[in-house]
Structure formats: C-alpha cells, structure tokens
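Notes for the structure review
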Amino acid sequence: MQFLDIPTARRLEAAEEVPQMEIARVLARTQPGIGAEILAIAGGHAIFAGLNSPIGRATGLGFDGPVTAAQLDQVEAFYVRHHAPAQVDITPLTDASLLELVKTRGYTIYELNNVMARRLSAGEHLEEHVQGLEFRDCTPDQTRLWGETMLRGFFPDGPPEGWLELVCPMAEVPHSLAMIAWDGDRPVAAVGGLISPEHRMVALGGTSTLPEYRGRRIQTAAIGRRLNRAMRQGCDLAVIVTQGNTTSQRNAERLGFTVAYSKATVGKNLS
C-alpha cells in the first residue's frame with residue numbers, strides 16, 4: 001500500500017461496514033423478528049444484526065471529523081434498545097475524539113484485527129483452481145447448504161446456537177461472492193465476500209474448509225478466484241480483515257496483501 005490517508009482508510013473500513021449493512025437489510029426483510037437495524041451516525045453506521053451475531057457493531061465513525069459525546073450517546077442508546085453491548089471499531093486514522101470518549105466511558109477491547117489491502121490491476125490474473133475440486137457460485141436454493149458448510153469448517157464440534165440463521169444472509173446480499181467448493185457432489189468448503197461497486201472494492205469474507213480438506217490451497221485459490229472476478233468488474237482495491245499470525249494472514253501475504261493497519265473493536269455491556 002502507498003501512504004495511507006484518511007479517504008483510503010475510510011474506503012478500507014467499508015469492507016466491513018458495507019457487508020454488515022447489507023446483511024442487516026436481508027435479515028430485516030427475511031427474519032423481521034430479529035429486529036435488525038442500521039443507524040447512520042458520525043459519518044459511519046451502527047449496525048444490529050441479531051443477539052450474539054458474529055457481526056453487528058458501529059463502523060466507520062470518526063473519519064469526517066470529531067465524534068461528539070451526544071453521538072456516542074446515540075450509539076449506546078441504539079444498542080441498549082436491542083439489549084446488546086455497544087461495540088465500536090477504532091482505527092489509527094479514526095478521529096482521536098472517539099478514542100478519548102470510549103476511554104472515559106470504560107470501554108474494553110473485544111477484538112484486535114489486521115486490515116490487509118492489495119491494489120488490483122486490470123489484466124492481472126491469479127491462480128484460482130484446485131485439482132480435483134470445483135468452485136461454484138452459491139445459488140439461492142443453496143444458501144442453507146453454504147451456511148452449514150461454513151459453520152462445519154469453523155466449528156467441527158457444532159456451531160453456537162442460532163448462528164446458522166444469522167450466517168445464511170451473508171450469501172444473499174447484493175453483489176455477493178458466496179461460493180462452494182465441491183469434491184464431486186460433496187461440499188467441502190464455503191467462501192464469502194462482496195463487491196462494493198460504489199467503492200470499487202472487494203471485501204473478502206471467510207473461507208471455511210472441512211478439516212480433512214485442509215492443506216490443499218483451497219483458501220489461496222478462493223482468494224484468487226474472487227480477486228479475478230473483482231478485477232473484471234472494475235475493482236482496484238481488495239481488503240481482507242484477519243487476526244494476526246494466522247493461516248489466513250499468511251495466505252493473503254503470499255498473494256500480495258500487506259497490513260494497512262491494525263484496528264480494535266472496543267465494547268461495553270450497557271445492561
């Protein structure tokens with residue numbers, strides 16, 4: 001990455017903000033009992049996508065100026081209304097006012113992740129095949145199968161209760177890159193992601209592989225496949241968010257991604 005300025009960082013943060021918003025919209029339409037909701041605030045959005053959901057926090061705040069105490073009050077009231085802890089993403093380029101506010105209110109770190117980015121060039125092509133396997137786009141009638149495969153890879157002993165219903169909408173959002181890797185008629189990996197035409201950016205979601213199929217470069221091929229499609233659709237930036245010292249980070253680095261910055265998700269239980 002070149003010198004990282006605030007507009008570029010704001011674009012990188014959209015890689016998590018946009019998918020979360022789209023998933024919340026799908027949930028609001030298909031599972032209204034969950035109460036999914038989006039609040040535009042402080043230049044970003046607070047998102048609720050269900051209790052105990054793997055997504056749903058305030059993202060993109062503090063890139064167009066200081067965040068006020070009144071605005072953080074609104075974020076907190078939003079999550080109190082949903083009986084959920086307030087969670088806020090903070091990056092090194094977020095306005096310092098937000099960090100000061102959460103410090104004075106006793107927020108603690110929930111997560112620490114690396115935001116990795118890669119420029120895309122028209123005409124570039126990356127390897128996207130694994131011998132013996134076939135990647136296919138997830139069709140509308142396969143969203144449950146996609147979600148089950150995703151969770152089986154991440155949780156071989158069984159996923160948290162209720163997660164399947166919360167995960168499946170990730171395959172239903174506009175411009176989704178949800179795919180399934182097949183070994184004959186057996187699904188062996190699930191791949192997520194989304195193209196944001198507005199930002200000319202592709203956000204790479206997780207690749208979850210069944211334990212017995214790991215070590216076959218499925219994740220590497222899945223990254224290549226999604227980047228190739230994104231380039232064909234005019235994207236010039238790819239983003240993946242990973243934890244440090246993971247296979248996902250190493251695979252991304254092999255394909256030209258570098259760490260743009262690390263960011264914290266801070267939270268507070270307000271109940």
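A brief structural summary.

**Let's talk about helix α2 (residues 69–81)**
The end-to-end C-alpha separation of α2 is 18 Å, in line with the 18 Å expected for 13 residues at 1.5 Å each. For α2, the full list of buried residues reads L72, V75, E76, F78 and Y79. Buried residues of α2, seen end-on, are gathered within an arc of 150° and therefore sit on one face of the element. Looking at the packing, one finds that the buried side of α2 touches β1 (37–41), β2 (44–48), β3 (58–59), β4 (86–90) and α3 (96–104). Directly beyond the C-terminal end of α2, a positive phi value near 55° is found at H83.

**Overview of the packing of aromatic side chains**
Counted under the stated rule, the structure contains 2 aromatic pairs. Pairing F78 with Y79 gives two aromatic rings, centres 4.9 Å apart and planes at 90°, and the pair type is edge-to-face. Aromatic pair F155 and W163: ring centres 5.4 Å apart, planes at 85°, arrangement edge-to-face. A relative accessible area of 26% places F155 in the partly exposed class. Note on W163: relative accessible area 18%, which makes it buried.

**Looking at the nonpolar core**
Among the nonpolar cores identified, the biggest contains 26 residues, and L12, M201, L237, V239 and Y261 are the most heavily contacted of them. Looking at this core, the elements that each hand over two or more residues are α1 (6–30), β5 (108–119), β9 (201–209) and β10 (237–242). At 10 residues, the largest contribution of residues to this core is made by α1. Of all hydrophobic cores here, the second largest spans 21 residues; its members include A46, L61, V75 and L101.

**Topic: the packing of helix α6 (residues 218–232) against helix α7 (residues 247–254)**
Following both chains from N to C, one finds α6 and α7 inclined at 50°, their axes separated by 10 Å at the closest point. Here α7 runs oblique to α6, going by the angle between their axes. For α6 against α7, the interelement crossing comes out right-handed. Judged by residue contacts, Q219, T220 and I223 of α6 engage T247, S248, N251 and A252 from α7. Tallied by class, the residues present in the contact of α6 with α7 amount to 2 nonpolar, 5 polar and no charged.

Conventions used here
Residues numbered from 1 in each chain as written. Predicted model: local features only at pLDDT ≥ 70, side-chain atom pairs only at ≥ 80, totals over all residues. Heavy atoms only, no water. Helix = DSSP H or I, 4+ residues; strand = E, 2+ residues; numbered from the N terminus. Expected span 1.5 Å × (residues − 1). Buried < 20%, exposed > 50% of the residue type's maximum accessible area, 1.4 Å probe, protein only. Arc of directions from axis to C-beta. Contact = heavy atoms within 4.5 Å. Phe/Tyr/Trp six-rings, centres within 6.5 Å; stacked < 30°, edge-to-face > 60°. Core = buried A, V, L, I, M, F, W, Y, C linked by side-chain atoms within 4.5 Å. Axes fitted to C-alpha atoms, helices over the stretch in contact; angles between N-to-C directions. Parallel < 35°, antiparallel > 145°, perpendicular 65-115°, else oblique. Left-handed = near helix turned anticlockwise from the far one by under 90°. Nonpolar A, V, L, I, M, F, W, Y, C, P; charged D, E, K, R; others polar.

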